[in-house]
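Notes for the structure review
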Amino acid sequence: MLIAPFSEEQLNRVYTPILSPLAWDLGHIANFEELWLVQNVGGREPLRGELGRFYDAIENPRSTRGELPILKGEECISYLAQVRERTLDVLEGVDFDSAEDPLLRDGFIYEMLLAHEYQHNETMLQLIQMVESYEPVERDPAPAAEPTPAGPEMVAVPAGTVEIGAAPRGFAYDNERPRHERELAPFEIDRTPVTNAAYIEFLADADVEPPMYWERDGEGGWVRTCMGRAEPVDPALPVIHVSWDEADAFARWAGKRLPTELEWEAASAGADPERANLDQLGFGCAPAGAYADACTECGAVQMLGDAWEWTSSDFLGYPGFEPFPYPEYSQVFFGDEHKVLRGGAWATRRGVIRPTFRNWDLPQRKQIFAGFRCARDG
Ligand SMILES: [Fe+2]
(Lines give C-alpha, C1' and ligand atoms only; values in the text may rest on other atoms or scores of the structure.)
Protein backbone atom coordinates (compact mmCIF):
# COMPACT_ATOMS: atom_id res chain seq x y z
CA MET A 1 0.00 0.00 0.00
CA LEU A 2 2.85 2.36 0.93
CA ILE A 3 4.59 1.98 -2.42
CA ALA A 4 1.48 1.78 -4.61
CA PRO A 5 1.67 5.46 -5.69
CA PHE A 6 5.29 5.16 -6.93
CA SER A 7 6.51 5.01 -10.50
CA GLU A 8 9.36 2.64 -11.32
CA GLU A 9 11.70 5.60 -11.69
CA GLN A 10 10.79 6.85 -8.19
CA LEU A 11 11.35 3.40 -6.66
CA ASN A 12 14.86 3.35 -8.09
CA ARG A 13 15.80 6.98 -7.42
CA VAL A 14 18.39 8.01 -4.83
CA TYR A 15 16.82 10.92 -2.93
CA THR A 16 19.52 11.31 -0.28
CA PRO A 17 22.79 9.54 0.58
CA ILE A 18 21.53 8.87 4.12
CA LEU A 19 18.64 6.68 2.87
CA SER A 20 18.44 3.77 0.43
CA PRO A 21 16.45 3.86 -2.81
CA LEU A 22 13.07 2.21 -2.09
CA ALA A 23 13.89 -0.64 -4.49
CA TRP A 24 16.84 -1.58 -2.24
CA ASP A 25 14.63 -1.72 0.88
CA LEU A 26 12.10 -3.90 -0.94
CA GLY A 27 14.69 -6.33 -2.27
CA HIS A 28 16.41 -6.39 1.14
CA ILE A 29 13.14 -7.28 2.91
CA ALA A 30 12.71 -10.24 0.54
CA ASN A 31 16.37 -11.27 0.69
CA PHE A 32 16.48 -11.17 4.50
CA GLU A 33 13.34 -13.32 4.64
CA GLU A 34 14.81 -15.74 2.11
CA LEU A 35 18.11 -15.98 3.98
CA TRP A 36 16.66 -16.61 7.44
CA LEU A 37 13.60 -18.65 6.61
CA VAL A 38 13.90 -20.26 3.19
CA GLN A 39 17.64 -20.98 3.40
CA ASN A 40 18.40 -21.33 7.16
CA VAL A 41 15.17 -22.96 8.32
CA GLY A 42 13.99 -24.57 5.06
CA GLY A 43 17.45 -25.63 3.86
CA ARG A 44 16.70 -24.49 0.30
CA GLU A 45 18.85 -22.73 -2.25
CA PRO A 46 18.26 -18.99 -2.78
CA LEU A 47 16.34 -17.91 -5.90
CA ARG A 48 18.88 -15.27 -6.86
CA GLY A 49 22.00 -16.48 -5.10
CA GLU A 50 24.31 -14.02 -6.76
CA LEU A 51 22.28 -11.05 -5.50
CA GLY A 52 22.34 -11.73 -1.77
CA ARG A 53 25.53 -9.82 -1.06
CA PHE A 54 24.12 -6.59 -2.50
CA TYR A 55 21.30 -6.68 0.06
CA ASP A 56 23.58 -7.11 3.07
CA ALA A 57 23.01 -3.95 5.14
CA ILE A 58 26.42 -4.04 6.80
CA GLU A 59 28.43 -4.70 3.62
CA ASN A 60 26.60 -2.00 1.66
CA PRO A 61 26.30 1.36 3.46
CA ARG A 62 23.25 3.43 2.52
CA SER A 63 25.25 5.96 0.50
CA THR A 64 26.39 3.20 -1.92
CA ARG A 65 23.10 1.40 -2.48
CA GLY A 66 22.02 3.46 -5.50
CA GLU A 67 25.03 2.11 -7.45
CA LEU A 68 24.40 -1.59 -6.80
CA PRO A 69 23.13 -3.93 -9.55
CA ILE A 70 19.97 -4.70 -7.54
CA LEU A 71 16.57 -5.80 -8.83
CA LYS A 72 14.50 -2.94 -10.18
CA GLY A 73 10.79 -2.34 -10.68
CA GLU A 74 8.70 -5.36 -11.69
CA GLU A 75 11.61 -7.78 -11.21
CA CYS A 76 11.94 -6.68 -7.60
CA ILE A 77 8.19 -6.92 -6.91
CA SER A 78 8.03 -10.43 -8.37
CA TYR A 79 11.11 -11.51 -6.32
CA LEU A 80 9.20 -10.34 -3.20
CA ALA A 81 6.17 -12.41 -4.19
CA GLN A 82 8.23 -15.52 -5.04
CA VAL A 83 10.11 -15.40 -1.74
CA ARG A 84 6.89 -14.97 0.21
CA GLU A 85 5.41 -18.01 -1.53
CA ARG A 86 8.44 -20.15 -0.62
CA THR A 87 8.38 -18.77 2.94
CA LEU A 88 4.78 -19.83 3.43
CA ASP A 89 5.66 -23.22 2.02
CA VAL A 90 8.54 -23.67 4.48
CA LEU A 91 6.42 -22.37 7.39
CA GLU A 92 3.82 -25.08 6.74
CA GLY A 93 6.38 -27.72 7.58
CA VAL A 94 7.72 -26.08 10.77
CA ASP A 95 6.52 -27.17 14.19
CA PHE A 96 7.13 -24.10 16.34
CA ASP A 97 5.51 -25.61 19.45
CA SER A 98 7.96 -28.40 20.07
CA ALA A 99 11.02 -26.64 18.65
CA GLU A 100 14.31 -26.93 20.56
CA ASP A 101 16.14 -24.54 18.23
CA PRO A 102 16.03 -21.03 19.80
CA LEU A 103 15.49 -19.60 16.30
CA LEU A 104 12.18 -21.47 16.12
CA ARG A 105 11.07 -21.50 19.76
CA ASP A 106 8.06 -19.25 20.38
CA GLY A 107 8.06 -18.50 16.63
CA PHE A 108 11.13 -16.28 17.09
CA ILE A 109 12.26 -16.27 13.46
CA TYR A 110 8.74 -15.58 12.19
CA GLU A 111 8.37 -12.64 14.59
CA MET A 112 11.84 -11.37 13.73
CA LEU A 113 11.09 -11.30 10.01
CA LEU A 114 7.79 -9.54 10.59
CA ALA A 115 9.49 -6.96 12.82
CA HIS A 116 12.25 -6.50 10.23
CA GLU A 117 9.73 -5.79 7.47
CA TYR A 118 7.81 -3.40 9.73
CA GLN A 119 11.01 -1.52 10.60
CA HIS A 120 11.87 -1.14 6.93
CA ASN A 121 8.34 0.20 6.33
CA GLU A 122 9.26 3.05 8.67
CA THR A 123 12.64 3.65 7.03
CA MET A 124 10.86 3.85 3.67
CA LEU A 125 8.48 6.43 5.16
CA GLN A 126 11.48 8.57 6.12
CA LEU A 127 12.28 8.74 2.45
CA ILE A 128 8.65 9.25 1.43
CA GLN A 129 8.68 12.50 3.46
CA MET A 130 11.08 13.80 0.80
CA VAL A 131 9.02 12.71 -2.22
CA GLU A 132 7.13 15.54 -3.84
CA SER A 133 3.42 14.96 -4.48
CA TYR A 134 3.28 11.60 -2.69
CA GLU A 135 -0.35 10.93 -1.85
CA PRO A 136 -1.03 8.19 0.74
CA VAL A 137 -3.51 5.56 -0.40
CA GLU A 138 -5.28 5.85 2.93
CA ARG A 139 -5.19 8.44 5.68
CA ASP A 140 -6.92 8.26 9.07
CA PRO A 141 -7.51 11.72 10.58
CA ALA A 142 -8.76 10.32 13.92
CA PRO A 143 -5.67 11.00 16.06
CA ALA A 144 -5.55 14.65 14.97
CA ALA A 145 -9.16 15.09 16.03
CA GLU A 146 -8.58 13.91 19.61
CA PRO A 147 -9.51 16.43 22.32
CA THR A 148 -6.47 17.23 24.46
CA PRO A 149 -7.32 17.88 28.11
CA ALA A 150 -5.01 20.17 30.10
CA GLY A 151 -2.71 18.71 32.73
CA PRO A 152 0.44 19.47 34.70
CA GLU A 153 3.63 20.22 32.78
CA MET A 154 5.52 17.43 34.53
CA VAL A 155 4.60 14.26 36.42
CA ALA A 156 6.56 12.58 39.22
CA VAL A 157 8.04 9.08 39.34
CA PRO A 158 9.03 7.95 42.85
CA ALA A 159 12.38 6.38 43.73
CA GLY A 160 12.52 2.61 43.72
CA THR A 161 13.73 -0.63 42.24
CA VAL A 162 12.40 -1.09 38.73
CA GLU A 163 12.61 -4.01 36.34
CA ILE A 164 14.04 -3.00 32.97
CA GLY A 165 14.00 -4.97 29.73
CA ALA A 166 11.96 -7.71 28.10
CA ALA A 167 10.80 -10.87 29.88
CA PRO A 168 12.64 -14.08 28.92
CA ARG A 169 9.82 -15.54 26.80
CA GLY A 170 8.01 -13.95 23.88
CA PHE A 171 9.55 -11.99 21.02
CA ALA A 172 12.04 -9.22 21.78
CA TYR A 173 15.39 -8.25 20.31
CA ASP A 174 18.61 -9.34 22.00
CA ASN A 175 19.36 -5.76 23.16
CA GLU A 176 16.17 -5.71 25.31
CA ARG A 177 17.47 -8.63 27.40
CA PRO A 178 18.17 -9.76 30.00
CA ARG A 179 15.46 -8.20 32.12
CA HIS A 180 17.17 -6.86 35.21
CA GLU A 181 16.63 -4.66 38.25
CA ARG A 182 17.84 -1.09 38.54
CA GLU A 183 17.64 1.47 41.33
CA LEU A 184 16.16 4.76 40.23
CA ALA A 185 16.32 8.07 42.09
CA PRO A 186 13.07 10.08 42.09
CA PHE A 187 12.56 12.21 38.97
CA GLU A 188 9.99 14.23 37.08
CA ILE A 189 9.24 13.85 33.41
CA ASP A 190 7.24 16.01 30.98
CA ARG A 191 3.65 14.81 30.79
CA THR A 192 3.59 15.31 26.99
CA PRO A 193 6.24 15.43 24.28
CA VAL A 194 7.78 18.88 23.70
CA THR A 195 5.53 20.87 21.35
CA ASN A 196 6.26 22.91 18.24
CA ALA A 197 5.09 25.98 20.22
CA ALA A 198 7.78 25.44 22.88
CA TYR A 199 10.37 24.68 20.21
CA ILE A 200 9.58 27.90 18.33
CA GLU A 201 10.32 29.84 21.56
CA PHE A 202 13.62 28.01 21.83
CA LEU A 203 14.50 28.81 18.20
CA ALA A 204 13.84 32.49 18.82
CA ASP A 205 16.24 32.42 21.74
CA ALA A 206 19.03 30.04 20.74
CA ASP A 207 21.36 29.72 17.79
CA VAL A 208 20.27 26.31 16.46
CA GLU A 209 19.02 24.93 13.17
CA PRO A 210 15.24 24.45 12.88
CA PRO A 211 13.77 20.93 12.63
CA MET A 212 14.18 19.18 9.28
CA TYR A 213 11.56 20.30 6.70
CA TRP A 214 10.99 23.69 8.43
CA GLU A 215 11.50 27.04 6.71
CA ARG A 216 10.72 30.65 7.52
CA ASP A 217 7.43 31.82 5.99
CA GLY A 218 8.73 35.37 5.44
CA GLU A 219 6.47 36.84 8.11
CA GLY A 220 8.21 35.60 11.24
CA GLY A 221 6.44 32.23 11.27
CA TRP A 222 7.42 28.73 10.15
CA VAL A 223 6.18 26.42 7.40
CA ARG A 224 6.84 22.72 7.14
CA THR A 225 7.13 21.02 3.74
CA CYS A 226 6.72 17.26 3.61
CA MET A 227 5.81 15.15 0.58
CA GLY A 228 5.87 18.38 -1.41
CA ARG A 229 3.11 20.06 0.60
CA ALA A 230 3.87 23.23 2.59
CA GLU A 231 1.78 23.83 5.72
CA PRO A 232 2.12 26.30 8.59
CA VAL A 233 3.77 24.63 11.59
CA ASP A 234 1.00 23.59 14.00
CA PRO A 235 2.00 24.81 17.49
CA ALA A 236 -0.07 22.10 19.22
CA LEU A 237 1.78 19.14 17.72
CA PRO A 238 4.84 17.45 19.20
CA VAL A 239 8.04 18.66 17.55
CA ILE A 240 9.55 16.03 15.26
CA HIS A 241 12.66 15.61 13.08
CA VAL A 242 15.07 17.13 15.58
CA SER A 243 18.53 15.75 16.33
CA TRP A 244 19.75 14.51 19.71
CA ASP A 245 22.14 17.49 19.88
CA GLU A 246 19.21 19.88 19.43
CA ALA A 247 16.96 18.01 21.89
CA ASP A 248 19.74 18.09 24.46
CA ALA A 249 20.27 21.83 23.87
CA PHE A 250 16.53 22.48 24.26
CA ALA A 251 16.43 20.55 27.55
CA ARG A 252 19.30 22.60 28.98
CA TRP A 253 17.70 25.84 27.71
CA ALA A 254 14.49 24.83 29.53
CA GLY A 255 16.42 24.18 32.78
CA LYS A 256 15.85 20.44 32.45
CA ARG A 257 17.65 17.45 30.91
CA LEU A 258 16.80 14.49 28.69
CA PRO A 259 15.63 11.41 30.62
CA THR A 260 17.88 8.36 30.74
CA GLU A 261 16.41 5.40 28.89
CA LEU A 262 15.88 3.67 32.23
CA GLU A 263 13.85 6.65 33.48
CA TRP A 264 11.92 6.64 30.21
CA GLU A 265 11.09 2.95 30.52
CA ALA A 266 10.05 3.34 34.17
CA ALA A 267 7.79 6.29 33.26
CA SER A 268 6.21 4.27 30.44
CA ALA A 269 4.83 1.56 32.76
CA GLY A 270 1.19 1.05 31.85
CA ALA A 271 1.46 2.48 28.30
CA ASP A 272 -1.04 0.91 25.89
CA PRO A 273 0.02 0.45 22.24
CA GLU A 274 -3.67 0.11 21.30
CA ARG A 275 -4.27 3.73 22.42
CA ALA A 276 -1.43 5.44 20.63
CA ASN A 277 -0.85 7.16 17.31
CA LEU A 278 1.02 4.41 15.47
CA ASP A 279 0.81 2.43 12.24
CA GLN A 280 1.27 5.18 9.65
CA LEU A 281 -2.41 5.86 9.13
CA GLY A 282 -2.47 9.43 10.42
CA PHE A 283 0.61 10.48 8.41
CA GLY A 284 1.52 12.85 11.23
CA CYS A 285 1.49 13.44 14.98
CA ALA A 286 -1.60 13.89 17.17
CA PRO A 287 -1.67 17.07 19.30
CA ALA A 288 0.43 16.95 22.48
CA GLY A 289 -1.87 15.71 25.27
CA ALA A 290 -3.92 13.34 23.07
CA TYR A 291 -4.83 9.86 24.35
CA ALA A 292 -5.11 11.28 27.89
CA ASP A 293 -7.46 8.39 28.73
CA ALA A 294 -4.52 6.04 28.19
CA CYS A 295 -1.87 7.74 30.30
CA THR A 296 0.86 5.69 31.97
CA GLU A 297 0.90 4.92 35.70
CA CYS A 298 2.81 8.15 36.42
CA GLY A 299 0.37 10.20 34.30
CA ALA A 300 2.48 10.74 31.15
CA VAL A 301 0.77 10.60 27.74
CA GLN A 302 1.91 9.64 24.25
CA MET A 303 4.92 7.68 25.42
CA LEU A 304 4.15 5.23 22.64
CA GLY A 305 3.54 6.61 19.16
CA ASP A 306 3.63 10.12 17.65
CA ALA A 307 7.40 10.74 17.86
CA TRP A 308 10.37 8.61 18.89
CA GLU A 309 11.88 10.17 22.00
CA TRP A 310 15.58 10.83 22.35
CA THR A 311 17.04 9.80 25.71
CA SER A 312 20.35 10.86 27.23
CA SER A 313 21.63 7.26 27.11
CA ASP A 314 24.32 5.75 24.92
CA PHE A 315 23.34 2.50 23.21
CA LEU A 316 24.97 -0.22 25.35
CA GLY A 317 24.30 -3.87 26.14
CA TYR A 318 22.46 -4.65 29.36
CA PRO A 319 24.46 -6.55 32.03
CA GLY A 320 24.67 -10.15 30.81
CA PHE A 321 23.81 -9.28 27.18
CA GLU A 322 24.15 -12.10 24.67
CA PRO A 323 23.90 -11.50 20.91
CA PHE A 324 21.06 -13.39 19.23
CA PRO A 325 20.61 -14.43 16.50
CA TYR A 326 23.46 -12.41 14.95
CA PRO A 327 25.84 -9.76 16.36
CA GLU A 328 25.11 -7.34 13.52
CA TYR A 329 21.61 -6.59 14.80
CA SER A 330 22.70 -4.71 17.93
CA GLN A 331 26.11 -5.57 19.29
CA VAL A 332 28.19 -3.94 16.57
CA PHE A 333 26.44 -0.62 17.33
CA PHE A 334 27.12 -0.63 21.09
CA GLY A 335 29.31 2.20 22.35
CA ASP A 336 29.18 5.95 22.86
CA GLU A 337 28.45 6.81 19.21
CA HIS A 338 24.71 6.13 19.17
CA LYS A 339 21.96 7.51 21.42
CA VAL A 340 18.88 5.51 22.41
CA LEU A 341 15.38 6.48 21.28
CA ARG A 342 12.23 5.02 22.79
CA GLY A 343 8.50 4.73 22.17
CA GLY A 344 7.97 4.66 18.40
CA ALA A 345 6.40 7.31 16.16
CA TRP A 346 3.26 7.73 14.07
CA ALA A 347 5.27 6.02 11.34
CA THR A 348 6.05 2.92 13.45
CA ARG A 349 4.00 -0.22 12.90
CA ARG A 350 1.92 -1.11 15.95
CA GLY A 351 3.12 -4.71 15.90
CA VAL A 352 6.75 -3.78 16.46
CA ILE A 353 6.64 -1.32 19.34
CA ARG A 354 6.66 -2.03 23.08
CA PRO A 355 7.97 -0.04 26.09
CA THR A 356 11.19 -2.12 26.19
CA PHE A 357 12.01 -1.58 22.48
CA ARG A 358 15.33 0.25 22.00
CA ASN A 359 16.04 2.20 18.84
CA TRP A 360 19.32 4.02 18.26
CA ASP A 361 20.85 6.57 15.94
CA LEU A 362 23.66 9.07 15.59
CA PRO A 363 23.16 12.26 17.64
CA GLN A 364 23.18 14.52 14.56
CA ARG A 365 20.48 12.60 12.62
CA LYS A 366 17.16 14.33 11.89
CA GLN A 367 15.47 12.28 9.15
CA ILE A 368 14.13 9.83 11.73
CA PHE A 369 10.73 10.61 13.27
CA ALA A 370 12.28 11.84 16.49
CA GLY A 371 11.11 14.30 19.11
CA PHE A 372 11.65 14.19 22.87
CA ARG A 373 10.38 15.08 26.32
CA CYS A 374 12.45 16.46 29.18
CA ALA A 375 13.08 15.31 32.74
CA ARG A 376 14.62 16.67 35.94
CA ASP A 377 15.68 15.27 39.28
CA GLY A 378 12.74 14.88 41.66
FE1 LIG B 1 17.33 -4.67 7.42
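Look up a bit, the structure's there.
As a starting point, this report considers the structure included with it.

What counts and how
- Residues numbered from 1 in each chain as written.
- Predicted model: local features only at pLDDT ≥ 70, side-chain atom pairs only at ≥ 80, totals over all residues.
- Heavy atoms only, no water.
- Axes fitted to C-alpha atoms, helices over the stretch in contact; angles between N-to-C directions.
- Helix = DSSP H or I, 4+ residues; strand = E, 2+ residues; numbered from the N terminus.
- Parallel < 35°, antiparallel > 145°, perpendicular 65-115°, else oblique.
- Contact = heavy atoms within 4.5 Å.
- Buried < 20%, exposed > 50% of the residue type's maximum accessible area, 1.4 Å probe, protein only.
- Salt bridge = Lys/Arg side-chain N within 4 Å of Asp/Glu carboxyl O.
- Donors = N, O, S within 2.8 Å, 3.2 Å for Na, K, Ca; no water.
- Phe/Tyr/Trp six-rings, centres within 6.5 Å; stacked < 30°, edge-to-face > 60°.
- Lys NZ or Arg CZ within 6 Å of the ring centre and 35° of its normal.
- Nonpolar A, V, L, I, M, F, W, Y, C, P; charged D, E, K, R; others polar.
- Pairing = 2+ DSSP bridges.

Next up on the list: the packing of helix H2 (residues 22-41) against helix H4 (residues 108-128). Across the interface, H2 lies against H4 with an axial gap of 10 Å and an inter-helix angle of 175°. Taken together, the axes of H2 and H4 lie roughly antiparallel to each other. Contacts between H2 and H4 involve Leu22, Trp24, Asp25, Leu26, His28, Ile29, Phe32, Glu33, Trp36, Leu37 and Val41 from the first element and Ile109, Met112, Leu113, His116, Glu117, His120, Thr123, Met124 and Leu127 from the second.

Turning to the environment of cysteine 298, a few remarks are in order. Position of cysteine 298 among the secondary structure elements: in the loop between helix H7 (261-267) and strand E8 (308-314). Residue classification places cysteine 298 among the buried residues on the basis of a relative accessible area of 18%. For cysteine 298 and arginine 349, which are 51 residues apart along the polypeptide, the C-alpha to C-alpha distance reads 25 Å. Leave out the neighbours within four places in its chain, and cysteine 298 touches Val155, Ala156, Val157, Ile189 and Ala267.

Another point: unusual backbone geometry. Going from arginine 177 to proline 178, the amide bond is cis rather than trans, its omega being -5°. Along the chain, proline 178 falls in the loop between strand E2 (160-164) and strand E3 (180-184). Cis geometry marks the peptide bond from phenylalanine 324 to proline 325, where omega comes out at -5°. Considering the arrangement of structural elements, one finds proline 325 in the loop between E8 and strand E9 (339-342). Positive phi, close to 60°, is recorded for glutamine 302, a residue that is not glycine. With respect to the helices and strands, the residue glutamine 302 is situated in the loop between H7 and E8. A positive phi angle, near 65°, is found at aspartate 306, a position not held by glycine.

Taken as a whole and assessed by the stated rule, the structure comprises 26 salt bridges. Residue arginine 86 is joined to glutamate 34 by a salt bridge in which the shortest nitrogen-to-oxygen separation is 3.7 Å. Note that arginine 86 is positioned in helix H3 (residues 73-92) and glutamate 34 in helix H2, a separation of 52 residues in sequence. Relative accessible area serves as the criterion here: at 1%, glutamate 34 is assigned to the buried category. The partner of aspartate 89 in a salt bridge is arginine 44, with the nearest N and O atoms 3.0 Å apart. You can see aspartate 89 sitting in helix H3 and its partner arginine 44 sitting in the loop between H2 and H3, a full 45 residues away along the chain. Bridged by salt links that share partners, the residues Glu261, Glu265, Arg342 and Arg358 form one connected network.

This part covers the coordination of the iron ion. Taken together, the protein ligands of the iron ion are His28 (NE2), His116 (NE2) and His120 (NE2), with distances of 2.2 Å. Relative accessible area serves as the criterion here: at 5%, histidine 28 is assigned to the buried category.

On to the packing of aromatic side chains, then. Aromatic ring pairs: the centre-centre distance and the angle between the two ring planes describe each pair. Tallied over the entire structure, the rule returns 29 aromatic pairs. Across from the ring centre of tryptophan 24, 3.7 Å away, lies the NZ or CZ of arginine 65, which sits over that ring. Over the aromatic face of tyrosine 318 sits the side chain of arginine 358, whose NZ or CZ is 4.2 Å from the ring centroid.

Attention now moves to the packing of helix H5 (residues 196-205) against helix H6 (residues 244-253). Between H5 and H6, the least distance of the axes is 11 Å, while the angle of their chain directions is 85°. Compared by their axis directions, H5 and H6 come out roughly perpendicular. Of the residues in H6, those touching H5 at Ala198, Tyr199, Glu201, Phe202 and Asp205 are Glu246, Ala249, Phe250 and Trp253. Class assignment for the residues of the contact of H5 with H6 results in six nonpolar, no polar and three charged.

Once that is clear, we can look at the pairing of E8. Where burial is concerned, most of E8 is hidden: five out of the seven residues are buried. Relative to strand E11 (residues 370-371), E8 is paired through two bridges, and the arrangement is parallel. Bridge assignment links tryptophan 308 to a residue of E11, and that residue is alanine 370. As paired elements, E8 and E9 share three bridges and run antiparallel to each other.

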